[in-house]
Amino acid sequence: MSKICVIGTGYVGLVTGTCFADLGNVVTCLDVNPDRINKLNSGIMPIYEPGLEQLVKQNVSANRLSFTTDYPTALKGAEYAFIAVGTPSGNDGEADLRFVKSAAEAIADLAEESILVINKSTVPVGTGDWVAEVIKNRRGNRPLNFRVVSNPEFLREGSAISDFMNPDRVVLGSEDRKAANLVAQLYQPLRCTIMITDLRTAEMIKYASNAFLATRISFINEIGNICEEMGADVREVALGMGYDKRIGHSFLDAGLGWGGSCFPKDVKALEHMAVLHGTHPQLLQAVMEINRNQRRRAVMKLRKALKNLNEKTIGVLGISFKPNTDDIRDAAAIEIIHLLENEGAHIRAYDPQAMENARSVLKNVVLCENPYQVAENADALILATEWNEFKQLDFSRLKVLMKHPIILDGRNLWDPETVRSYGFTYIGVGRGNTTKP
Ligand code: UDX
């Protein structure tokens, strides 16, 4: 049993803290946002993440997990301090390290004689060394035995708890092997592969992993666009490719492109770092451009199907950046809605979890209670997020409600023939001549 302090209660911090508590450690999670901490102390989750609420409650009742805004309370007796604060994109895509700095300074001010500082926030390569400097300078001549270890997170929203408990690998980076081994002990109960490397390499593994996954998606989207012209079906192409063990099946679903809190920010930050250091990251730039284009292309397809979008009503199914989350950061739906609005379209939309988040950014959108309300008088529907509840819609009911029976299946969720059999014009992504309006 170890005493752990986790700074930051966003996705990463909250899931990490809760899971470490569940593994038997005593964890105090700190956040500077009192509203967030008050909610957590009343058992209200600030984010939607399957399984999280129950796990938090269990561990709070077992006295292994607590929440505070008070740094002295959080750091009292802590052997491990995880930094899991946000690193938003600043100018030019550069990661903004303000919150990392203030966490490091608090650790320097309040840690007792020794502490392991573990960086979970996604930070530019070299930040671990910088955090060590910040702590050293701030501490001045009061002795502190500390080491900085990088421990990038690979959690996916929507399956973060099972990703934490069953990781493909845990990466630890430090200049001090002993320090890395001490952090490795926290992960021993998971019986997973633990890779220990140096600080900068660990930091780079995180960026390279996310950039590679984003590249796979942009790759298959580009192939999909070619498929549309060639009369091939990108789903079958991806399936056929994926049987090759060197390629595999995951992250080859063509659609409206990647979004969320990580891929867009991390690919941009990696590109920024590369340019800053004099290299020419042309693949990363193309990967981002393909992603932007994928959203514009969806709007182009609707424009083509409806002749023009001015004064047309478009229904949007799904707003979150992917299913099983209420997160709308860099969601394809949001960007597509704005592009459609720019062309004079009226939007009706529904999402199973993201309505509250959507309300603040989609001022002119009619937010509906279900897919059928979305369809009322719509000239076309676009499926932007492949939530399970959209898998089996009543297409005959939708058709009666809509003004024009046109569906753009932005995630290739449905079988084109089935949808067509109800009298719809079906437009998919990368699905050969079926995608042509
Ligand atoms: C990602 C990484 O997977 C995770 O390891 C990292 O730590 C954080 O970033 P997450 O942002 O939760 O996780 O989402 P992910 O499931 O990776 O999906 C990212 C985006 O790619 C979504 O918008 C999704 O719709 C899109 N996507 C994913 C595709 O368009 N096609 C695919 O085949 C897979």
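The structure we're discussing is the one just above.
Conventions we followed
Residues numbered from 1 in each chain as written. Predicted model: local features only at pLDDT ≥ 70, side-chain atom pairs only at ≥ 80, totals over all residues. Heavy atoms only, no water. Helix = DSSP H or I, 4+ residues; strand = E, 2+ residues; numbered from the N terminus. Rg over C-alpha atoms; globule rule 2.2 N^0.38 Å. Buried < 20%, exposed > 50% of the residue type's maximum accessible area, 1.4 Å probe, protein only. Contact = heavy atoms within 4.5 Å. Areas by Shrake-Rupley, 256 points an atom, 1.4 Å probe, with all protein chains shown as cover. Lys, Arg positive; Asp, Glu negative; His and termini not counted. Charge placed at Lys NZ, Arg CZ, Asp CG, Glu CD. Pairing = 2+ DSSP bridges. Right-handed = clockwise from strand over helix to strand, strands pointing away. Core = buried A, V, L, I, M, F, W, Y, C linked by side-chain atoms within 4.5 Å. 1 Å grid on protein atoms, 1.4 Å probe; cavity = no way out; pocket = protein on both sides within 12 Å on 5 of 7 lines; lining within 4 Å. Points joined across faces, edges and corners; volume = space filled by probe spheres on them. Nonpolar A, V, L, I, M, F, W, Y, C, P; charged D, E, K, R; others polar. Polar contact = N/O pair within 3.5 Å; in protein donor to acceptor, adjacent residues only side chain to side chain. Axes fitted to C-alpha atoms, helices over the stretch in contact; angles between N-to-C directions. Parallel < 35°, antiparallel > 145°, perpendicular 65-115°, else oblique. Salt bridge = Lys/Arg side-chain N within 4 Å of Asp/Glu carboxyl O.

Draft legend 1. The arrangement of the overall build of the protein chain in detail. From N to C terminus, the protein chain includes 17 helices and 14 strands. The C-alpha atoms of the protein chain give 24 Å as radius of gyration, which agrees with the globular expectation for 437 residues (22 Å, within 12%). The C-alpha extent of the protein chain, read off along each of the three principal axes, is 75 × 50 × 40 Å. For the protein chain, the residues scored as buried account for 55% of the 437 residues in total. If you take every contact in the protein chain between residues at least 6 apart in sequence, the share linking residues at least 24 apart comes to 71%. Carbon and sulfur atoms form 50% of the exposed surface of the protein chain, whose accessible area is close to 19,500 Å². Both charge centroids of the protein chain, one from 49 positive and one from 52 negative side chains, sit 1 Å from each other.

Draft legend 2. Looking closely at the pairing of strand β8 (residues 194–197). Inspection of the sheet shows strand β7 (residues 170–173) paired to β8 by 4 bridges, in the parallel sense. In the sheet register, glycine 173 faces β8, and the bridge partner there is threonine 197. What joins β7 to β8 is helix α8 (residues 177–187), and the crossover it makes is right-handed.

Draft legend 3. Main features of the nonpolar core. By size, the foremost hydrophobic cluster in this structure holds 53 residues, and its most contacted members are Ile314, Ile319, Leu340, Ile382 and Trp414. Per-element tally for this core: the top contributor is helix α13 (residues 332–342), with 6 residues. Filtering out sequence-adjacent residues up to four positions away, tryptophan 414 remains in contact with Leu317, Leu383, Phe390, Lys391, Leu393, Phe395, Ile407, Asp409, Val419, Tyr426 and Arg431. Membership of the second largest hydrophobic core comes to 41 residues, among which are Met45, Ala84, Leu172 and Tyr187.

Draft legend 4. Fine view of empty space enclosed by the protein. Tallied over the entire structure, the rule returns 3 cavities of 30 Å³ or more. Of the volumes computed, that of the largest cavity is approximately 70 Å³. Looking at which element gives the most residues to the lining of the largest cavity, the answer is helix α9 (residues 199–230), with 4 residues. Split into classes, the residues belonging to the lining of the largest cavity amount to 4 nonpolar, 4 polar and 2 charged. Taken as a whole, the second largest cavity encloses approximately 40 Å³ of empty space. What lines the second largest cavity is simply Gly255, Leu256, Gln294, Arg297, Ala298, Lys301, Leu408 and Val429.

Draft legend 5. Representation of the side chain of glutamate 153. Take glutamate 153: it is sitting in the loop between β6 (145–150) and α7 (160–165). A relative accessible area of 5% places glutamate 153 in the buried class. Within the structure, glutamate 153 has its side chain in polar contact with the backbone nitrogen of leucine 155 (distance 2.9 Å). The contact partners of glutamate 153, leaving out residues within four places of it in the chain, are Val12, Lys120, Thr122, Lys206 and Cys262.

Draft legend 6. Here's a closer look at the packing of helix α6 (residues 127–139) against α9. Relative orientation of the contacting elements α6 and α9 amounts to 125°, with a least axis distance of 8 Å. On the basis of the axis angle, α6 is oblique to α9. Here Thr127, Gly128 and Asp129 of α6 come into contact with α9, specifically with Leu199, Arg200 and Glu203.

Draft legend 7. Local environment of the pattern of salt bridges. Tallying each qualifying case throughout the model produces 24 salt bridges. For aspartate 96, the salt bridge is made with arginine 98, and the minimal N-O distance between the two is 2.7 Å. On the basis of relative accessibility, which here comes to 18%, the residue aspartate 96 falls in the buried class. In the salt-bridge network here, residues are joined through shared partners; they are Lys101, Glu105, Asp109 and Arg138.

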